[in-house]
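A closer look at the structure
Spelled out, the chains give:
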Amino acid sequence: MNPVYLETPLSDEVLNLRAGDQVLLSGTIYTARDEAHMKMMKDGIPFDPVGAAVYHCGPVISGSRILAAGPTTSARLNRLTGFLLDAGVRALIGKGGMGSEVVDHLRGRGIYLAATGGCAVLAASRMILQGVFYEDLGMAEAIWIIKADRLPLVVGIDSEGGDLFGAVEREAKLQFYSRYTT
Amino acid sequence: MEIIIEFIPSVLMMLPPSGEELFAAVSKATCLALREAETRLPSDVIAALQRAVANETSEIAREELGRILENIALAGRLEVPICQDTGVPVVYLTVPPGIPLTDGLLEAVADGVRKATCEIPLRPNVVHPLERTNTGDNTGPGMPEIHIRPGNCLKITVLPKGAGAENMSRLAMLLPTQKDQIERFVTETVLVAGGKPCPPVILGVGIGGTFDGVAALAKEALLEPIDHMDPFEKELCDAVNALGVGPMGLGGKTTALAVKVKTASCHTASMPVAVNVQCWAARRATQEVVW
């Protein structure tokens, strides 16, 4: 399957993508984990959220270099994500998928892109560090401003409720309960 | 002459080191082991991932596994950590009879962790459990977590453990009559985890011992090479893979690369079972301490 090239700021084009589509994402992205989400909810979003892509990631930074920047588990942010989508964020990037509240919230708004968990060097080799917000939160929790160059991703959740993780989970449950009936 | 040259260093090796020499040697070996573990995966893990690519039929699963192998190669070439979650330092120490087991010895391990954090570098992951303040150097009360046992030589094995997989680990105090429930508990752990622990995973399973002991057993099982499984381990592994969770939870045949089991005697009225989940980045390395 040929990948779709995307560039931030993202527009309505993301609404046409479907779960399972391969994507190469370029342009500015913002890392954010638990602490950054909490702080943004309290103090406001420090970047222009319209068309933005938020990356669930706590990278290893050395000086001005990004050494390792794979995704963190997105589900931890299930209850902390709505305000970003309401503000215009179009893409969430992470690993493991997100809860049904986020799947619903993405409808007509944006997409969830799955990055390969643990592939931190591969991701970092396609990134340039541009700046930072909330550096006081520490290396893992700060918001790092990153210029991405063809980051390889797959659409995990699309804007019509298509959810690759959900589909796999439903099938896994069927398998489980057919094997262990009690 | 040649004999003498070879002979002298080995004699020196046998002399007990001074406190300072020992501290420096242990610190250095810890740092070296962490560098090796963080930047290069063991060959048995890489071989298992390569077998998985060949076995997968789903395009997405093959793409995910392909990226994992590309990432491993890149990390080794650039000598940088494979994953940004460089984990918390779990350390296994074997101590020979001639080496006194002191607080200084353990402090030397912590010193090696601090150096590794700075030099490799590692992400500072260690925080106060409630205040969540970061110590900045991957050490703190109880960290590194050090397991000690007697041995023939002073050896340091590190198992840096990331949180994504560790958070999905589970423990059950099954009844002695529930042997048939072990497989269900292991499989259920993977079902609940889904894509969160970065599958394909390796499962360390502890059976027996006590409530705390079984968790340690499960973690120790992760030190075992994964190129061999006994029939029970294979059965558990097949049951897990039948779920179809696949690489990163995106579907596929490879949910677990291997299951390794360790057992210990337990109370006649107990059957503790623990499953320690390990992501594909199964980092482990051993260094012998020399001085």
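Just so it is clear, the model here is predicted, and its values are computed rather than measured.

This brings us to the overall build of chain B. In terms of regular secondary structure, chain B is built from nine helices and eight strands. The globule rule puts the C-alpha radius of gyration for 291 residues at 19 Å, and the 20 Å found for chain B is close to it. Projecting the C-alpha coordinates of chain B onto the three principal axes gives extents of approximately 60 × 50 × 50 Å. Taken over 291 residues, chain B has a buried fraction of 48%. Partitioning the contacts of chain B with sequence separation of at least 6, the portion at a separation of at least 24 is 81%.

Segmenting chain B into domains produces domain 1 (2–40 + 80–162 + 284–288) and domain 2 (43–77 + 163–278). Considering only residue class, the side of domain 1 of chain B that touches domain 2 of chain B consists of six nonpolar, four polar and four charged.

Turning next to the sheet that holds strand β8 (residues 285–288) of chain B. Paired through backbone hydrogen bonds, the strands of a sheet run either parallel or antiparallel to each other. All names here are of chain B. A sheet is described by the order of its strands in space; here four strands give the open sequence β2-β1-β3-β8, paired in mixed fashion. Each edge of the open sheet is held by one strand with a lone partner, namely β2 (145–150) and β8. Here the average twist between neighbouring strands, direction ignored, is 20°. Strand direction decides the pairing type here: strand β1 (residues 90–95) and strand β3 (residues 155–158), joined by four bridges, are antiparallel. The partner of Val91 across the bridge, within β3, is Val158. Contacting β3 and β8, helix α2 (residues 19–39) crosses the sheet at an angle of about 35° to β3.

By size, the foremost hydrophobic cluster in this structure holds 144 residues, and its most contacted members are Val54, Ile93 and Leu113 of chain A together with Leu203, Val205, Val240 and Ala256 of chain B. Of the residues forming this core, the biggest block, nine residues, is contributed by strand β9 (residues 143–157) of chain A. Excluding anything up to four places from it in sequence, Val54 of chain A contacts Tyr30, Ala32, Leu84, Val89, Leu92 and Ile93 of chain A.

What counts and what doesn't
Residues numbered from 1 in each chain as written. Chains lettered and ligands numbered in written order. Predicted model: local features only at pLDDT ≥ 70, side-chain atom pairs only at ≥ 80, totals over all residues. Helix = DSSP H or I, 4+ residues; strand = E, 2+ residues; numbered from the N terminus. Rg over C-alpha atoms; globule rule 2.2 N^0.38 Å. Buried ≥ 20, exposed ≤ 12 C-beta atoms within 10 Å, placed from the backbone. Contact = placed C-beta atoms within 7 Å. Domains from an automatic or database assignment. Nonpolar A, V, L, I, M, F, W, Y, C, P; charged D, E, K, R; others polar. Pairing = 2+ DSSP bridges. Axes fitted to C-alpha atoms, helices over the stretch in contact; angles between N-to-C directions. Core = buried A, V, L, I, M, F, W, Y, C linked by C-beta atoms within 7 Å.

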